[in-house]
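Analysis of the macromolecular model
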Amino acid sequence: AIDNFRKEFVKPLLDLMAEAKKTHGITVDNVREYLYARHAPERNELIRAQVLKMVEEIEKLSAEKDSAKNRKRIAFLEKSIAAKNGKGAGMTDAEAQKILDRLAKNVEGMRVLQRIGDLVDKINAFAIDNAVAYGLMTHARAKQLREMFEHYVPLKGFEEEAIDETLRVNLS
């Protein structure tokens, strides 16, 4: 399974990144920027929807009879909103579009970035499919994840030095 994954996904991804660098001057940072900017608006939309639901719940609770339970829930929701507001993907939709517009000026490079993005989407689908196949995720959760984001990428949690070293070795 690991050899198939390497053959089907890892090698093609590294080959595309090497092609992007050699023929179009696209760097690993450009790939990161592209994937992040492509995902940011959908992540921001999810956060906006979550905040809106919390605001609506606060309004509903505020209209009800005052109680310690309601005050506690409202305080929790307000704290949650404060934590989420402005956080979203860590970049605004406008900032994401600005990055995509800048990268699109290199038309051929953008085509390779899009191919890289398509492959990353396939890797994510593969990961979800395997999580279901091995009983690590329910079909319902997999469906939810597939519907939540079209272009998911993790926005934090990777050791950048390890990623940089892996890419440096494989792209040089």
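Let us now look at the packing of helix α5 (residues 107–133) against helix α6 (residues 139–148). Interhelical geometry of α5 versus α6 gives an angle of 165 degrees and a closest axis separation of 9 Å. As the angle between them shows, α5 and α6 are arranged roughly antiparallel. At the point where α5 passes α6, the crossing takes the right-handed sense. For the pair α5 and α6, contact is made by A125, I128, D129 and V132 and by H139, A142, L145 and R146, respectively.

Under the definition given, this model contains 13 salt bridges. For the salt bridge of E45 with R48, the shortest nitrogen-to-oxygen distance reads 3.2 Å. Linking E45 with R48, this pair stays in helix α2 (residues 28–63), spanning 3 residues, or about one helical turn. Taking the relative accessible area as the measure of exposure, E45 reaches 44% and is therefore partly exposed. Its relative accessible area of 40% is what places R48 among the partly exposed residues. Two residues, R111 and E108, come together in a salt bridge whose shortest N-O distance is 2.2 Å. Of this pair, R111 and E108 are both found in helix α5, 3 residues apart, which corresponds to roughly one turn of the helix. A residue is classified by how much of its surface remains accessible, and R111, at 44% relative accessible area, is partly exposed. For E108, a relative accessible area of 40% corresponds to the partly exposed category.

Here is what the cut-offs are and how they apply
- Residues numbered from 1 in each chain as written.
- Predicted model: local features only at pLDDT ≥ 70, side-chain atom pairs only at ≥ 80, totals over all residues.
- Heavy atoms only, no water.
- Axes fitted to C-alpha atoms, helices over the stretch in contact; angles between N-to-C directions.
- Helix = DSSP H or I, 4+ residues; strand = E, 2+ residues; numbered from the N terminus.
- Parallel < 35°, antiparallel > 145°, perpendicular 65-115°, else oblique.
- Left-handed = near helix turned anticlockwise from the far one by under 90°.
- Contact = heavy atoms within 4.5 Å.
- Salt bridge = Lys/Arg side-chain N within 4 Å of Asp/Glu carboxyl O.
- Buried < 20%, exposed > 50% of the residue type's maximum accessible area, 1.4 Å probe, protein only.

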